[in-house]
Amino acid sequence: MKVAVVGGGVIGSAIAYYLQKDGAEVVLLERGEIGGEASSAAAGMLIAPIEDTGNDSFDALREASLVLYPDVIREIQERSGVDVEYKMPGMIRTAHTEELAEELREACHRPGFEWVEGRALQDLEPGLATNVIGAAYCAADADLNPGALTRAFAGAAAALGADVRKYTIVTGFETTGGRITEVSTDVGDVKCDAVVLAAGAWTEVIGMRLDAGIATPPMRGQMISLRSDVPLHAVWGEDGYLVPKPGGLVFAGATVENAGFDKTTTADAIDGLRRMAVGLVPALRDAEMVSAWAGLRPGSADGLPVIGALPGRENAYVATGHFRNGVLLAPITGDLVADLVLTGQRDERLRAFGVERFG
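This text gives an overview of the structure that appears in the document. Since this is a predicted model, take the numbers as computed values, not measurements. Residue indices follow the written sequence of each chain, beginning from 1 at its first position. Where totals are concerned, whole chains, interfaces and linings use all residues; where local detail is concerned, this predicted model gives features only for residues with pLDDT of at least 70, and gives and counts side-chain atom pairs only at 80 or more. Each side-chain value is worked out from all heavy atoms of the structure, with water and hydrogens disregarded.

This brings us to the overall build of the protein. A run of H or I in DSSP counts as a helix once it spans at least four residues, and a run of E counts as a strand once it spans at least two, with each numbered from the N terminus. Within the protein, the secondary structure is distributed over 9 helices and 19 strands. Here the radius of gyration uses the C-alpha set of atoms, whereas the globule reference equals 2.2 Å times the residue count to the power 0.38. Relative to the compact-globule value of 21 Å for 359 residues, the protein shows a C-alpha radius of gyration of 21 Å, a close match. With the C-alpha coordinates aligned to their principal axes, the bounding extent of the protein is approximately 70 × 40 × 40 Å. Relative accessibility decides the category of a residue: with a 1.4 Å probe and only protein chains considered, values under 20% of the type maximum give buried, values over 50% give exposed, and everything between is partly exposed. Scored against the burial criterion, the 359 residues of the protein give a buried share of 54%. By definition in these notes, contact holds between two residues if any of their heavy atoms fall within 4.5 Å. Within the protein, contacts between residues at least 6 apart in sequence are counted, and of these 72% link residues at least 24 apart. Looking at the protein as shown, the accessible area adds up to about 14,800 Å², and 49% of this sits on carbon and sulfur atoms. Each accessible area value is a Shrake-Rupley result obtained with a 1.4 Å probe; residue values ignore everything except the protein chains displayed when judging cover.

Shown next as C-alpha cells:
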C-alpha cells in the first residue's frame, strides 16, 4: 500500500515511520524543513501525567505513549543516526500556596512521584525560590530535543525506504468516488492508496480541499532561552516552566495565545516569561537571554487530538489537534494510525478522538 503523509512535523514523521516499518510504501510531504514549525519550537518534555485531565481516554493515551518512548528512541536513533539528546533530569512541580500544595501531596500517590519540602527540597534544587512550600518530584521525567526527534523519525522512515520530500507544497487532491487517488503538489503529483493529513495547525486549510471541516486553530506559544547553569531539574510552576538544556541553556515557557498564524514574539510575553523564571529561580534575574521564538500549536474544537478516518472518504485519515502534547503523543499516534491505515480497524484507544464526534 502506498500512503501519502501530508505534514513533516513530529506527528506526521512518526506516522511515516510506523507505516514504513509496518510494510507500507510511504511518501512524506513537507512544505518546508522537517520539524520546521511547532515541533522544533517545543520544549520537548516527556513527563509522567500527575493530574487528571477529566478525560480518561486522553489520560490513558498519554501514559501509553510515554511507555513507548525508551524503545522507540533507541530504534530511530540507530536507524537515522540522529541524536535526539534524550536525558532524564527529573521534574519538580512546585507549590506556592497551601491549596496547591495539598493537591500535589494528594497526587503524589501515583507511582514514581514523591512529595518534597523543607531542607530536602533545597538540597534537591538549591536555586528554588524560598517561598516554594513544597514540590512533587518525579526522578524519571525526561526531555529531549523535539526538532531532532522529528528528524530522527523522518530519517528512520527514510532509512527503511520512505520517500521524504521537503519543500513540497500540497495543492490539491484527485478523487474517484470517495477515494483519493492522487495528491497534487507544486513539484508533481503523487499517486497513492491512502492519505494521512497530519499538518498541525495547517491541517484545517489543507483539509478544506477535501471538505473535511476540521478546525485546527493555531495557538501561539512563545518561549525564551537563558544562559545559566540553574536549575538542575526541570521546574514546573503555576505560571510556566523551566527546562535545563545542553550547552548551559535554560528554556522558559510558554504562552498560549490565539494570534492566528502570527509567529512573531512580543515584548510583553518575553517580560512575562522572565518574571516567571525569576519567580521560580531568583538566580535567573541576571541571566543573559540568548533567544526568543514562537511556535503555532494545533488546537481543536474541544481541546483534544483529532485522530481517525475522515468521514466521506474511503482512504483518508487525519491526525492533528495535539496542542501541547504533540511530542509526548507522537509514538502512540504513529503506531495506532499506521495500524488503522493498514488494517482498516480502529484501536479502541482512538475511539474518543475520532472526527465523527464533531458531527
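After presenting the structure, the write-up continues.
Generally speaking, soluble globular proteins have nonpolar side chains that are buried together. Take the buried residues of types Ala, Val, Leu, Ile, Met, Phe, Trp, Tyr and Cys, join any two whose side-chain atoms come within 4.5 Å, and each joined set is a nonpolar core. Grouped together as the largest cluster of nonpolar side chains are 49 residues, with contacts concentrated most on Ile 15, Leu 19, Tyr 69, Leu 149 and Phe 153. When contributions to this core are tallied by element, the ones reaching two or more residues are β1 (2-6), α1 (10-21), β2 (25-29), α3 (56-80), α6 (146-159), β12 (194-197), β19 (316-320) and α9 (326-343). Tallying contributions element by element places α9 first for this core, with 9 residues. Apart from the residues within four sequence positions on either side, Leu 19 is in contact with Val 3, Val 5, Ala 24, Val 26, Ala 338, Val 341 and Leu 342. In terms of nonpolar packing, the next biggest core, distinct from the first, is built from 25 residues, Ala 4, Ile 180, Cys 192 and Val 318 among them.

Attention shifts here to the sheet that holds strand β14 (residues 234-236). Spatially, the 8 strands line up as an open sheet ordered β5-β6-β4-β14-β15-β16-β13-β17, and their pairing is mixed. If you trace the sheet from one side to the other, it starts and ends with β5 (113-117) and β17 (288-298), each paired once. Neighbouring strand axes in the sheet, compared pairwise and without regard to direction, differ in orientation by 25 degrees on average. Here, a strand pair is defined by DSSP locating no fewer than two bridges between the strands. Here 2 bridges tie β14 to strand β15 (residues 241-245), and the two strands are oriented antiparallel to one another. Residue pairing for β15: Val 235 is matched across the bridge by Leu 242. Between the N-to-C directions of two axes lies an angle of 0 to 180 degrees, each axis being a line fitted to C-alpha atoms and, for a helix, fitted only over the stretch in contact. Across the sheet, helix α4 (residues 98-107) lies against β4 (91-95), β5 and β6 (134-138), angled at about 140 degrees from β4, the strand it touches most. Sheet strands in contact with helix α8 (residues 267-280) are β4, β13 (218-227), β14, β15, β16 (249-253) and β17, and its direction is about 55 degrees off that of β13.

At a closest axis distance of 8 Å, the pairing of α1 and α6 adopts a crossing angle of 25 degrees. Classed by the angle they form, the pair α1 and α6 counts as roughly parallel. Of the two elements, α1 crosses α6, and the hand of that crossing is left-handed. For the pair formed by α1 and α6, the contact residues are Val 10, Ser 13, Ala 14, Ala 16, Tyr 17, Tyr 18 and Gln 20 on the first element and Leu 149, Thr 150, Phe 153, Ala 154, Ala 156 and Ala 157 on the second. In this classification, Asp, Glu, Lys and Arg are treated as charged, Ala, Val, Leu, Ile, Met, Phe, Trp, Tyr, Cys and Pro as nonpolar, and every other residue, Gly included, as polar. Taken together, the residues that form the contact of α1 with α6 break down as 10 nonpolar, 3 polar and no charged. Throughout, the term roughly parallel applies to angles under 35 degrees, roughly antiparallel to angles over 145, roughly perpendicular to angles from 65 to 115, and oblique to all others. A clockwise turn of the near helix away from the far one marks a right-handed crossing, whereas an anticlockwise turn of less than a right angle marks a left-handed crossing.

Attention now goes to unusual backbone geometry. A cis geometry characterises the amide bond from Val 230 onward to Pro 231, with omega recorded as 5 degrees. Within the fold, Pro 231 resides in the loop between β13 and β14. Gly 253 connects to Ala 254 through a cis peptide bond whose omega is -15 degrees. The phi torsion at Tyr 167 lies on the positive side, around 50 degrees, for a residue other than glycine. Of note in this structure, Asp 211 is not a glycine but carries a positive phi near 55 degrees. Structurally, Asp 211 can be placed in the loop between α7 (203-207) and β13. Asp 211 sits in the exposed class, given a relative accessible area of 70%.

A separate point is the side chain of Thr 185. Within the secondary structure layout, Thr 185 lies in strand β10 (residues 179-185). Looking at Thr 185, the relative accessible area reads 8%, which means it is buried. We define a polar contact as two N or O atoms separated by no more than 3.5 Å, with the added condition that, inside protein, one atom must be a possible hydrogen donor and the other a possible acceptor, whereas residues neighbouring each other in sequence contribute only through side-chain atom pairs. Of note is the side chain of Thr 185, whose polar atom sits 2.5 Å from the backbone oxygen of Gly 188.

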